[in-house]
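# Analysis of the macromolecular model
Residue strings, one per chain:
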Amino acid sequence: MKKLKLVMVGNGMAGVRTLEELLKIAPELYDITVFGEEPHANYNRILLSPVLAGEMTIKDIMLNDVVWYERNGIKLHLDKKVVRIDRSGRKVVAADGTTEEYDRLLLATGSNPFILPLPGKDLKGVLTYRDIGDTDAMIEAAAKYKHAVVIGGGLLGLEAANGLKLRGMDVTVVHIMPWLMERQLDKTAAQMLQKSLEAKGLKFLLQKQTKEIVGAPDAEGRERVKAVRFDDGTEIPADLVCMAVGIRPND
């Protein structure tokens, strides 16, 4: 029997786990093609925080390397973002023009980090914390700059702040709510957490509304973040701004 063509858009943990199960229960059913927007094979996104903190490397968090795809006969397109689905023609098209036909199409595209619509959000040095590229950029910035501001006092923001602190940066966490991790913790527990993090050298500004990310020319003449300004008129220095304010479906 001729194999069906299965195309999967997305190369993250959930999608590749699905492929692992398919290969177990129906190894001869599909010719499989995978598109991944990132230049890396499948890795454990949850472990990016230990990578940022210097406790693990990218190699340590890989789940399925390129050899795994080859060994299982899977055609892998890395660093290629699918931008169009031709449903009548049953094919997908990537931004660089790469086209693949399918009999069945699996969308496993995950989520994107939410970017606050602030003036200065596109300045060099303003990052989110979602993938290996973000992590590498923060590690690089930590080696060159001093002041980091993390916008968002949820779990991800605190992990980013801790990692940047361990990398030697002076870190301030800015949070709009009255206490940290308000979705998981009550006020008393959050105050205990904040106290323990302050003992490690982290600083916190709670119930602060960010108004603007301020830029200035760097040594090479490019506009780079230099400060974060709040709606009460105050501002703090920032060589790096990490936004950790939630995610949206990547649809």
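In the block above lies the structure referred to throughout.
Below you will find a few notes about this structure.

This next bit is on unusual backbone geometry. One non-glycine residue with positive phi stands out, namely Met181, at about 45°. On the basis of relative accessible area, Met181 is assigned to the buried category, the value being 12%. Positive phi, normally seen in glycine, also occurs at Gln207, with a value near 55°. For Gln207, the position within the fold is in the loop between strand E14 (203-206) and strand E15 (210-217). On the accessibility criterion, Gln207 (57% relative accessible area) is exposed.

Our next topic: the sheet that holds strand E8 (residues 99-101). Note on sheets: strands pair through backbone hydrogen bonds, and any given pair is parallel or antiparallel. Strand order in the open sheet formed by three strands is E6-E7-E8, and the pairing between neighbours is antiparallel. Each of the sheet's edge strands pairs with one partner strand only, and the pair in question is strand E6 (82-86) and E8. Neighbouring strand axes in the sheet, compared pairwise and without regard to direction, differ in orientation by 20° on average.

Let's shift gears to the environment of Asp251. Structurally, the position occupied by Asp251 is in the segment after strand E19 (247-249). A relative accessible area of 91% means that Asp251 is categorised as exposed. Expressed as a C-alpha distance, the spacing of Asp251 and Ala137, which sit 114 residues apart in the sequence, is 25 Å.

This part covers the pairing of strand E7 (residues 91-94). The pairing of E6 with E7 spans four bridges and is antiparallel. The residue of E7 that forms the bridge with Val82 is Ala94. In this antiparallel pair of consecutive strands, E6 and E7, the connection spans four residues, and Arg90 shows a positive phi of 50°. Both E7 and E8 contribute to a ladder of three bridges, which runs antiparallel.

Cut-offs applied
Residues numbered from 1 in each chain as written. Predicted model: local features only at pLDDT ≥ 70, side-chain atom pairs only at ≥ 80, totals over all residues. Heavy atoms only, no water. Buried < 20%, exposed > 50% of the residue type's maximum accessible area, 1.4 Å probe, protein only. Helix = DSSP H or I, 4+ residues; strand = E, 2+ residues; numbered from the N terminus. Pairing = 2+ DSSP bridges. Axes fitted to C-alpha atoms, helices over the stretch in contact; angles between N-to-C directions.

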